[in-house]
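Single-letter residue listing:
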Amino acid sequence: MTMPRRRPGRPRRDETRPTREVVLTAATALFAERGFDAVGLREVAAAAGVDVATVAHHTGTKAALYDACFARVFAAEREVLTAAAEQARAAVDAGPEAARRALHELVDVFVDFLEDRPETTALWLRRWLEPQRHAELDKRYAEPLYRLVGQLLTAAAAAGALDEPTPHITVRSLVWATHGHVVALAAAPGARERREFRTFVHRMLDGLYGPPAP
């Protein structure tokens, strides 16, 4: 019995990962690079090394695939931020110094995540080029994380660990600053850029809330 031959030039699918994950990885990269309108399911299939019917089987329509890409990066980001936020919340009752140290650690976790997964930034920036379109993605995959950190800042302020009158503004400002850093890092990658941005973020926290005790 002969096996069907792979068509010339067609990438071989990564057999070590589930097909749906391979498709989402390929689609995320394409949507991040080109945006929603410029990507077709056939392009996703070619990048993933499968046929277009397989893409449709695992993700449905292009709109559903786009949503699934955001859901995938959201799940990964939520996992790391939730763990860091839980540690920070536990530190709130230990006093201002412990709370501020925990906030510094949470910021490091967030910056690490976006530096290690720059496609997350690119995907969101493409979405934000059209603020009124696909706005439901923000409600499902951005606002829950904003609330998570905003609630943490509110709890810390209520406990007297810091003074924070507008937590939602602080969270969004930090998010946008970090996305901007990831864009700059793509243009000029290097350890210096990473170090300087981390120094800036920690200095910003110190300016807002005061430095933690050494």
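Attention in this report is confined to the structure presented alongside it. All values derive from a computational prediction rather than experimental measurement. (Residues numbered from 1 in each chain as written. Predicted model: local features only at pLDDT ≥ 70, side-chain atom pairs only at ≥ 80, totals over all residues. Heavy atoms only, no water.)

## Considering the packing of aromatic side chains
Note the following rule: Two aromatic rings, drawn from Phe, Tyr or Trp (for Trp, its six-membered ring), form a pair once their centres lie within 6.5 Å of each other, and the interplanar angle then sorts them: stacked below 30 degrees, edge-to-face above 60, tilted otherwise. A run of H or I in DSSP counts as a helix once it spans at least four residues, and a run of E counts as a strand once it spans at least two, with each numbered from the N terminus. The buried label applies to any residue whose accessible area, calculated with a 1.4 Å probe on protein chains only, is under 20% of its type's maximum; exposed applies above 50%, and partly exposed to all values in between.
Evaluation of the coordinates by the stated rule reveals 9 aromatic pairs. On the numbers, 4.8 Å between centres and 70 degrees between planes, the contact of Phe31 with Tyr66 is edge-to-face. Taken together, the residues span a long stretch of sequence, with Phe31 in helix α1 (residues 19-34) and Tyr66 in helix α4 (residues 62-92) at a distance of 35 residues. Classification of Phe31 by relative accessible area gives buried; the value is 1%. A relative accessible area of 3% means that Tyr66 is categorised as buried.

## Things to note about the packing of α4 against helix α6 (residues 118-128)
Worth spelling out the cut-off: The axes used here are C-alpha line fits, helices contributing only the stretch in contact, and every angle between their N-to-C directions lies in the interval 0 to 180 degrees. Note on angle classes: values under 35 degrees are labelled roughly parallel, values over 145 roughly antiparallel, values of 65 to 115 roughly perpendicular, and the remainder oblique. Two helices cross in a left-handed way if the nearer one is turned anticlockwise from the farther one by less than a right angle. They cross in a right-handed way if the turn is clockwise. Only heavy atoms enter the contact rule, under which two residues are in contact if any of them lie within 4.5 Å. Gly is put with the polar residues, along with every residue not named as nonpolar or charged; the nonpolar set is Ala, Val, Leu, Ile, Met, Phe, Trp, Tyr, Cys and Pro, and the charged set is Asp, Glu, Lys and Arg.
At their nearest, the axes of α4 and α6 sit 11 Å apart, and the two run at 135 degrees to each other. Taken together, the axes of α4 and α6 are oblique relative to one another. Of the two elements, α4 crosses α6, and the hand of that crossing is left-handed. Residues Tyr66, Cys69, Phe70, Val73 and Glu77 of α4 lie in contact with α6, whose contacting residues are Thr120, Leu123, Trp124 and Arg127. Across the contact of α4 with α6, the residue classes tally to 6 nonpolar, 1 polar and 2 charged.

## Some points on the packing of α1 against α4
Where α1 contacts α4, the two axes come as close as 9 Å, and the packing angle between them is 95 degrees. In terms of their interaxial angle, α1 and α4 are classed as roughly perpendicular. Between α1 and α4, the contacting residues are Arg20, Glu21, Val23, Leu24, Thr25, Ala27, Thr28 and Phe31 on the first element and Lys62, Leu65, Tyr66, Ala68, Cys69, Arg72 and Val73 on the second. A class-by-class count of the residues in the contact of α1 with α4 yields 9 nonpolar, 2 polar and 4 charged.

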